[in-house]
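Examination of the molecular architecture
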Amino acid sequence: MIDVFNRRISRRTFLKASAAAGGTVAASTMFAQTASAWTYGESAPDDISGANVKWIRSSCMMCNSNCGIQVKVVSGVVEKIEGNPYSCLNNDVFGAAVSGEVVPSTISNPTTKGARICAKGNAGIMTMYSPYRLMKPLKRNGARGANSWEQISWLMAINNIAYGYDDSTGTNETTLPTDSGGTYTIRSQGASLAQIREPGQSGVTPPTGANAMPVGDVHSTIPNKPVTGGMAANRLVYGSGRDQYATIGNFRGNFGTKNGTSHESFCNSGWKISQDHSFTGSYGWKCALQAGTDGPNYMVLLGADFNEAWVPHVPLSRWNADFRRRGGTLVTSEVRVSQAAAKTSGTTRLIVKPGTDGALCNAILARWIDQATYASDFLKSLNPASLTALDGRPHTFVSDAALLVDTATGFKAGAGAAAREYLDNGTGVPPAGPTAVDTVAGAAVPQSQVVLDGEDGTKKTVFRLIKEALIAISGTTLDATVTTLAGECGFTDGGTEIRALADAMAAAAATNKLAVDGYRGVHAHTNGYQAMRAMWALNIFQDTFNRIGGVVRHKGAPGTSLGNPSAVGAPASSGAKLTRDTSGYNEDGTTKYGTEGVDYYTAADPRGLTAPRRWFPRTKRGNMQDTVASAVDGYPYKVKAWILIGGPNVLYTSSLGRDADNNHTDRLKETVGGVYKLPLLVAHTPTMDETAAHCDYVLPAVTYLERWGADGGGSPLIHHGYGGSMSGLGHIRRPVANWYANITIAANASRACGSPFTTPLSGAYATVDDYIDAWDGPVLEDDFSIFLGLKLGLPGYGVGAFTGSGADLGSGRGLNTSHFTAYMWHERKFTAGADWTGLNNDGSTGEPDEFAGAGDATNDRFLFMGGRWADPTDVEHATAGWAKNGQSGRCYLYLQQNAVNDYDASDNLPIRIDGVINVNGLPYAAAAEYDLNLITYKVGWHTQSRTTENKWLVGLTGRDRNAAGTEPNDLHGYPSIWIHPTAAAARGITDGCNVLITSSSNSVGVKAKAQVTANVHEECAVLDHHYSRRWFGSVIPSYNYKTWARDTSVDGDPRISSGATYTSVSEADPLLGDCGLTDPISAQLGYNDSKIKVERIYP
Amino acid sequence: MAHQAGFLVDIKRCSGCKGCVNACKAENNTRPQQGAFKGSVDYRRVVFTSPGRLTNTDTRNQSRFFVSTACYHCTNPACMRVCPARAIYKRGTDGVVLIRYNMCVGCRSCQFACPYSAPRFNSVARKMQKCTLCQHRLAAGLQPACVQTCVTKALRYKSDMTHDSSTMSVAPPDGPPGGPSGLSAQNFKRDAATYAALVGTSSTKHSQTLPNVGFNNE
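Note that the structure is predicted; figures quoted are calculated from it, not measured. (Residues numbered from 1 in each chain as written. Chains lettered and ligands numbered in written order. Predicted model: local features only at pLDDT ≥ 70, side-chain atom pairs only at ≥ 80, totals over all residues. Heavy atoms only, no water.)

To continue, consider the overall build of chain A. Along its length, chain A carries 26 helices and 36 strands. The long-range fraction of contacts in chain A, counting pairs at least 24 apart against all pairs at least 6 apart in sequence, stands at 70%. Total accessible area computed for chain A in this model is approximately 31700 Å², and 52% of it derives from carbon and sulfur atoms. (Helix = DSSP H or I, 4+ residues; strand = E, 2+ residues; numbered from the N terminus. Contact = heavy atoms within 4.5 Å. Areas by Shrake-Rupley, 256 points an atom, 1.4 Å probe, with all protein chains shown as cover.)

Now for the overall build of chain B. Helix and strand counts for chain B come out as 6 helices and 9 strands. In chain B, which comprises 218 residues, the share counted as buried stands at 66%. For chain B, restricting intrachain contacts to residue pairs at least 6 apart in sequence, the fraction spanning at least 24 positions comes to 60%. In the form shown here, chain B has an accessible surface area of approximately 6900 Å², with 53% of it arising from carbon and sulfur atoms. (Buried < 20%, exposed > 50% of the residue type's maximum accessible area, 1.4 Å probe, protein only.)

Residue and element names in this part refer to chain A. Along the polypeptide, T185 turns up in strand β7 (residues 183-185). Residues T185 and V237, 52 residues apart in the sequence, show an inter-C-alpha distance of 19 Å. In this structure, T185 is in contact with E173, T174 and T175, ignoring residues within four places of it in sequence.

Attention now goes to the nonpolar core. Ranked by internal contacts, the top residues of the largest apolar core, which has 82 residues, are W368, M505 and F541 of chain A. Residues contacting M505 of chain A, with those up to four places away along its chain left out, are Y298, V300, I364, W368, L514, V516 and L538 of chain A. Within the second largest apolar cluster, 73 residues are counted, among which are A123 of chain A together with I11, A26 and Y43 of chain B. (Core = buried A, V, L, I, M, F, W, Y, C linked by side-chain atoms within 4.5 Å.)

It is worth spelling out helix α16 (residues 496-510) of chain A at this point. All names here are of chain A. Taking 1.5 Å per residue, 15 residues should reach 21 Å; α16 reaches 21 Å between its end C-alpha atoms and fits that length. When we look at burial in α16, the residues that qualify are E497, I498, R499, L501, A502, M505, A506, A508 and A509. Following α16 by one or two positions, N512 has its phi on the positive side, about 60 degrees. (Expected span 1.5 Å × (residues − 1).)

For the rest of this paragraph, the subject is the sheet that holds strand β11 (residues 329-333) of chain A. Residues and elements named next belong to chain A. The parallel open sheet is built from 4 strands, whose spatial order is β12-β11-β10-β18. Among the strands making up the open sheet, the edge pair consists of β12 (349-350) and β18 (514-517). Here 4 bridges tie strand β10 (residues 298-302) to β18, and the two strands are oriented parallel to one another. Its bridge partner lying in β18, V300 is registered against V516. Contacts from helix α11 (residues 357-371) reach β10, β11, β12 and β18, with the element oriented near 145 degrees to β10. (Pairing = 2+ DSSP bridges. Axes fitted to C-alpha atoms, helices over the stretch in contact; angles between N-to-C directions.)

Moving on: the sheet that holds strand β3 (residues 77-83) of chain A. Residues and elements named next belong to chain A. The antiparallel open sheet is built from 3 strands, whose spatial order is β1-β2-β3. Of all the strands in the sheet, just β1 (53-59) and β3 have a single pairing partner and so form its edges. In this sheet, adjacent strand axes meet at a mean angle of 25 degrees when their direction is disregarded. As paired elements, strand β2 (residues 68-74) and β3 share 6 bridges and run antiparallel to each other. Bridge pairing links I69 to G83 in β3.

Enumeration according to the criterion identifies 25 salt bridges over all chains in this entry. Note that R137 of chain B is salt-bridged to E27 of chain B, the shortest N-O span being 3.0 Å. Of this pair, R137 of chain B sits in helix α4 (residues 135-139) while E27 of chain B sits in helix α1 (residues 19-28); the two residues are 110 residues apart in sequence, bridging distant segments of the chain. Through salt bridges with shared partners, a single network forms among D453, E455, K460, R464, K467 and E468 of chain A. (Salt bridge = Lys/Arg side-chain N within 4 Å of Asp/Glu carboxyl O.)

This part covers unusual backbone geometry. Glycine aside, negative phi is the norm for most residues, and most peptide bonds take the trans geometry. Residues and elements named next belong to chain A. The backbone of D543 shows a phi angle near 45 degrees, a positive value even though the residue is not glycine. With respect to the helices and strands, D543 occurs in the loop between α17 (528-541) and β19 (551-553). Assessed through its relative accessible area of 9%, D543 is described here as buried.

What follows concerns the confidence of the model for chain B. All names here are of chain B. Within chain B, residue pLDDT values average 77, and 71% of them lie at 70 or more. Considering only residues more than four positions removed or in separate chains, one finds that residues 202-208, a stretch of pLDDT under 50, has 8 contacts. Scored as a whole, the predicted complex attains pTM 0.86, and scored at its interfaces, ipTM 0.89. (pLDDT = per-residue confidence, 0-100.)

Quick look at the side chain of K130 of chain B now. Residue and element names in this part refer to chain B. With respect to the helices and strands, K130 occurs in the loop between β7 (127-129) and α4. Among buried Asp, Glu, Lys and Arg side chains, K130 stands out as unpaired, with D94 the closest opposite charge at 10 Å. At a separation of 2.4 Å, a polar atom in the side chain of K130 contacts the main-chain carbonyl oxygen of V97. (Lys, Arg positive; Asp, Glu negative; His and termini not counted. Polar contact = N/O pair within 3.5 Å; in protein donor to acceptor, adjacent residues only side chain to side chain.)

Moving on: the pairing of β10 of chain A. All names here are of chain A. The buried fraction of β10 amounts to 5 of the 5 residues, a majority that puts the element mostly inside the structure. Across the two faces of β10 the burial is the same, with Y298, V300 and L302 and M299 and L301 all buried. Regarding topology, helix α10 (residues 313-325) serves as the crossover connection from β10 to the parallel β11, and that connection is right-handed. (Right-handed = clockwise from strand over helix to strand, strands pointing away.)

Here we come to the state of the cysteines. Residues and elements named next belong to chain B. With the rule as written, the count across this model stands at 0 disulfides over all chains. You can see C20 has no disulfide; the closest cysteine sulfur is in C146, sitting 6.4 Å from it. Assessed through its relative accessible area of 8%, C20 is described here as buried. The closest cysteine sulfur to the non-disulfide-bonded C83 is located on C107, 6.1 Å from its own sulfur. Classification of C83 as buried rests on a relative accessible area of 15%. (Disulfide = S-S within 2.5 Å.)

Turning our attention to the packing of aromatic side chains. The full count for this structure, using the stated rule, is 21 aromatic pairs over all chains. Ring centres of W154 of chain A and F787 of chain A lie 5.7 Å apart, and the angle between their planes is 65 degrees; on these two criteria the pair is classed as edge-to-face. Here the residue W154 of chain A occupies a position in helix α5 (residues 154-163), and F787 of chain A occupies one in helix α21 (residues 781-792), the gap between them amounting to 633 residues. Just as W154 of chain A is buried, F787 of chain A falls in that class too. Connected via pairs of aromatic rings, a cluster forms that spans W154, W739, Y765, Y771, W775, F784 and F787 of chain A. Here the guanidinium or amino end of K18 of chain B rests over the ring plane of F48 of chain B, the centre of that ring lying 4.6 Å away. Above the ring of F7 of chain B, the side-chain terminus of R44 of chain B is found at 4.4 Å from the ring centroid. (Phe/Tyr/Trp six-rings, centres within 6.5 Å; stacked < 30°, edge-to-face > 60°. Lys NZ or Arg CZ within 6 Å of the ring centre and 35° of its normal.)

All names here are of chain A. Turning to its location among the elements, N950 is positioned in the loop between β31 (932-937) and α24 (951-954). Residue class for N950 comes out buried when judged on its relative accessible area of 0%. Spatially, the C-alpha atom of N950 lies 53 Å from that of L403, the residues being 547 residues apart in sequence. Discounting chain neighbours no more than four positions away, the residues touching N950 are M62, A123, M126 and T127.

All names here are of chain A. For strand β21 (residues 680-685), a buried count of 6 out of 6 residues is recorded, marking the element as mostly surrounded by other parts of the structure. Burial along β21 is two-sided: L680, V682 and H684 facing one way and L681, A683 and T685 facing the other are all buried. Bridge count between strand β20 (residues 641-645) and β21: 5 bridges; the pairing is parallel. The residue of β21 that forms the bridge with I645 is H684.

All names here are of chain A. With respect to the secondary-structure elements, I186 resides in the loop between β7 and α6 (193-196). As for I186 and A162, which are separated by 24 residues in sequence, their C-alpha atoms are 10.0 Å apart. In this structure I186 touches N160, G164, T174, L176, A191, S192, Q195, L680 and Y697, once residues within four positions along its chain are discounted.

Turning to the confidence of the model for chain A, a few remarks are in order. Residue and element names in this part refer to chain A. When the pLDDT values of chain A are averaged, the result is 72; 66% of them are 70 or greater. For the stretch residues 712-731, pLDDT sits under 50, and the model shows 90 contacts to residues farther than four places along the chain or on other chains. Note on residues 804-885: pLDDT is under 50 here. Beyond four places in sequence and across chains, it has 216 contacts.

Below, the discussion takes up the side chain of S333 of chain A. Within the fold, S333 of chain A resides in strand β11. Apart from residues lying up to four places away in sequence, S333 of chain A is in contact with L301, L302, G303, L350, V352, D357 and L360 of chain A.

Another aspect to go through is α17 of chain A. Taking 1.5 Å per residue, 14 residues should reach 20 Å; α17 of chain A reaches 19 Å between its end C-alpha atoms and fits that length. The first or second residue beyond α17 of chain A is D543 of chain A, which carries a positive phi of 45 degrees.

Here it is, written out as structure tokens:
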């Protein structure tokens, strides 16, 4: 095993002036200036070049931006990570023209001209070589969460999980300790994977005898359950957190379960669901819209910060720097001075009351309508041809503003879903007969013929409905509504400033230079879904879509999985998901599993519940923050086994509370609900996190630098050219420090790929058991799933699994007993490279010739924002930018889906100004003593749970200096709660003092240091998202970590557990009790809505 | 001295992402050598400053800025003058200030003398270490690691800080001199007052020592 730390110290280098070899020649010339030789210190740099130095290109996974990286590997050790100059995300070529720089004609020397990566990307080396990494499979030998483990073999682990036996002969049942000191067996709980599989499920050989599923264990015993809620196989939850793995979906499909673990409701489902509904009119996931930064000169960011967990961080940060440098106006609306807001001040920095983003957007809308400064041509266009007929430019995208709604029914007027009516300007009534305008291909209707603001009986245009709803807010006029809403937002000027802002935005939009975004700001509230719709309405009203800049979308994410290539005999999974989302509902609101009012909630009281937990019928992104609690409830059905891949930290989601010593262990155990409610918990993860620490098995995983993979969601801003001529630009992830070996398994030729922390395989393995037993360190998820698939005899694994399926991956490349699945898929998808080596070393095809001949319209194109191919010299061309954002179809201001379920008609319009609401959509307010609004954020160097244990990143946090030179430089590692000077004075709080933070969900509270700062709104307090973590290597010695940590000589890092994080004290939904405040529509966690109390304590 | 090399820091562009800190750490192997912290030094830091944050109540106009800071390879280095072991010297070719590691006695005098605390104490080696301006990379034709990785192109390397001429190349290697972002050296203020406002040095302590760095905060 390679230990990079020891290696570095042992080879401490002292360069001599007389050094003469290779690259040191130039150095010796410089050193000759001095009388005595200059020498390096303790930390000598690594070789830049040399026989042992290799540069390998891959893509980063320290966050989801997937920047291209090139990694310097010296004798098998990762020494340095730099940016991949071929990556359009983060190289110096992409966007160069925007910033006015000359586009280089060639990337002639990529090794010396790397691209740019952020603090996380640079620290990836520390993630791989983290001393806290797991190295061996562990099985708990104490109570859950007691951190007492025994090391077992991979074969033992797989036998335990798959069959509940300690060996492959099925004679010794696996036992686990109970919390009370006794033991139980996995099989007695029906929790082994063999027991879970559905008898008779298509393609699955029913387990019999000892493996048979216990009778009566299929469904929950809770009344009012959805009786057909799922096939038995759904009792296995198998999936990932934020990491993307190629074969997770494959295993789920082959096993027959629908259940994975999505983190998205904790992340950005409010952002996505609002787009799903607004830009397709249906429940289709088709959009990922963000403000473009390459075109606008006026950008409004509502709580959005390109420096703080907004992917892709690197290009966004650079383009925004360019945007400001070329004179663009950045307007931010935040309750704190974020890193983006730091670039604004005064009139360009809005401070609105928390959760009033929607009100702000509505005020702007009211002003635009009042002043008629909206994009009238766009709003009046019934289809793209109408718009093209007007301006002669190509268009693919229009809105529903001029279409009619029958207010008596709440449905869009017209016959059939595709035929929507409009008012004829000559008659003021709908044209005779159904008018099929709701298609992109519809015939042009002259705008002179269309009434935008009209009504005919019960039929009104969407525009008119919005206008009337806005007027109704004040009860008098649109202008009075601006005043009213300004007051809601906390302005005391009667709306003067909002009017000026709205006018400036409209003026910018008139020259096609406006973009509005609210990523991680607007949607992170319980009213976030509707507020996000209001924000999208701003973009719709100014048509920021049909051109360069503005709001852009990508052409479609590659997805988190390479898909299931339909193995022969793969079972058909069905049933409602554990996350209780759209999959349990039809689009018209009726349920697929049971009767509304009986099985879910009552029709008489649409806000009431008869089921143990509320469903989220309009989200399709899961609701992670209460998934565990639901599983503990056994609703909609029991979960037997939960296998967490890549560190989805489901027990550390929200509102679990902790005691004053930041010890959340007891609450987490409570959430797990005892071993009999979730009998088998398995974590496959590189590091010990809160959830893994409470699992029965913790299995060591590799990091992104040790495995193959494909980008997941990729960047919403850049379509990587999946399968296109720029394939490979950063979206193939491949190991940079690993080994390959030719092996045989049961006489079948195979090829293995492994981490440097495992002993390389070699030779012939007589049986699958021998093969599994040969692994002694971290393995790839693909390997882990294939272990299980082979042992369980699942379809899709084993010799001939794909033969004749139509998805034959090629001779010798099928899913045989090799564990080579994922790699073969890469090869199938990406044919540029040879065999298993995947892509060629440049990771690309076609470039750098792509950039030859600057100004040439045909040869000089590369992928640009919005997924369009563009000539970088064309970005400001008068017409080149039009209709190139890849956006097509129709955007919807009116959503009839929201009316047909359990919401009133006002939900249809983006004009609904709620404050904090509970999971049933009713107003919620914490007790008055909790008088500060808790805000959280993710700094750019911490964007996900996994970065928590990275010491290079932990060390970056500190307080702001009060003034230049008056405080010491080193403030690293002391996260603190931000509190405004006025609020601090009222509480006797001084800078750096100790405070106790409590909430309605945590009356015991957590301790923290106070940072008094005018960088936060007076009514708010701010806690960083990434500290106060018990695990992740924070407290090694006292917790017996040394039995498994990679480097047992390294102590725990107390900085990881210092301070407080918002999760400690954030509020639970008052109805659900054990999950965070949640948007009832999108299931988005409202992580900026909790109220807290902050008191000074001594010492 | 033929030239004076240094960094240009465009405060307007710096987003405070701290990528430079970790690029330096990886390049120069300044990671912890023992335990969680020991032996870890930061040649480069990003200082977040919010002037008057304790007393100002106007959040909308509260100033907050980020300055990437390291050794400035001063014209007249205070660290060099106070070093009892004469371990610190200023190189003639480009003005880079270096520490002769084998002569350093680890007394930390240089750290206290430096207005910016650029020399850092390695508690394992018990020696001082600091930014070398990545001289090993410069020798190989590369940019310093921090400059190379700078996400917003706020950090730039300039081989000659002594000539504020627009003909001097201060743009990134992929671009022309100057350019629309206005990055000619003339745009960078190098007076002590600007410097003090940004990174917090005492203007009287070493007023004769202008740092070899340019700031653009216009």
